[in-house]
Amino acid sequence: DVARQLCLEMAFRGKGGFAPGPRMEQLTGMVKSYNRKGFGFIMCQNLDADVYFSRESLAPQLQTSDLAGEYVTFECHRFPDGKLQARNLRPVGETGIT
């Protein structure tokens, strides 16, 4: 499907990280888990696997200790090893440009 393909192909350029690119389509999912160490996973119906995220990717209003069950929008990035990472997490319904 289109959202999965977008997520799997976007943003990684070269060795060393992600280069800034055009604004990407936002995906929506539910936070499955989030722990005290500052990372968690999002379930997204458009993707086959849960997507990792870290505290640094959270909008300020999401930086609480209990995120499980919250619905969020996010940009999906892929590492060279194929693992996915969610970035720019925001509450569903909020439009913010970073």
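Everything below is about the structure printed above this text.
Okay, so let's go over this structure. Since this is a predicted model, take the numbers as computed values, not measurements.

Basis of the calculations
- Residues numbered from 1 in each chain as written.
- Predicted model: local features only at pLDDT ≥ 70, side-chain atom pairs only at ≥ 80, totals over all residues.
- Heavy atoms only, no water.
- Helix = DSSP H or I, 4+ residues; strand = E, 2+ residues; numbered from the N terminus.
- Buried < 20%, exposed > 50% of the residue type's maximum accessible area, 1.4 Å probe, protein only.
- Contact = heavy atoms within 4.5 Å.
- Areas by Shrake-Rupley, 256 points an atom, 1.4 Å probe, with all protein chains shown as cover.
- Salt bridge = Lys/Arg side-chain N within 4 Å of Asp/Glu carboxyl O.
- Phe/Tyr/Trp six-rings, centres within 6.5 Å; stacked < 30°, edge-to-face > 60°.
- Pairing = 2+ DSSP bridges.

Section: the overall build of the protein chain
Step number 1: A count of helical and extended segments in the protein chain gives one helix and five strands.
Step number 2: Its helices and strands in sequence order give the protein chain the pattern α-β-β-β-β-β, from N to C terminus.
Step number 3: Classification of the 98 residues of the protein chain by burial places 38% in the buried group.
Step number 4: The long-range fraction of contacts in the protein chain, counting pairs at least 24 apart against all pairs at least 6 apart in sequence, stands at 49%.
Step number 5: If you sum the accessible surface of the protein chain, you get close to 6,100 Å²; carbon and sulfur atoms cover 52% of it.

Considering the pattern of salt bridges
Step number 1: The final tally for this structure, using the stated rule, is one salt bridge.
Step number 2: Of the charged contacts, one joins Asp50 and Lys32 as a salt bridge, the two residues approaching to 2.7 Å between their closest N and O atoms. Remark: Lys32 occurs in strand β1 (residues 27-34) and Asp50 occurs in the loop between β2 (39-43) and β3 (51-54); sequence separation between them is 18 residues.

Looking at the packing of aromatic side chains
Step number 1: For the structure on display, the rule yields three aromatic pairs.
Step number 2: Chaining the aromatic ring pairs together yields one cluster made of Phe39, Phe41 and Tyr52.

Considerations on the pairing of β2
Step number 1: Alternating positions in β2 separate cleanly, Gly40 and Ile42 being buried on one face and Phe39, Phe41 and Met43 remaining unburied on the opposite face.
Step number 2: Taking the residues that link successive antiparallel strands as the turn, the β1-β2 hairpin has four residues, and the phi of Gly38 there is positive, at about 95°.
Step number 3: As defined by bridge partners, β2 adjoins β3 across four bridges and the pair is classed as antiparallel. Its bridge partner lying in β3, Phe41 is registered against Tyr52.

A look at the pairing of strand β4 (residues 71-78)
Step number 1: For β4, a buried count of six out of eight residues is recorded, marking the element as mostly surrounded by other parts of the structure.
Step number 2: By the bridge criterion, four bridges tie β1 to β4 in an arrangement that is antiparallel. Directly across from Leu27, in β4, lies its bridge partner Phe74.
Step number 3: Where β4 lies against strand β5 (residues 84-91), six bridges are found, and the strand directions are antiparallel. In the sheet register, Arg78 faces β5, and the bridge partner there is Leu84.
Step number 4: Counting the residues that bridge the hairpin from β4 to β5 gives five residues, and of these Gly82 lies at a positive phi of roughly 95°.

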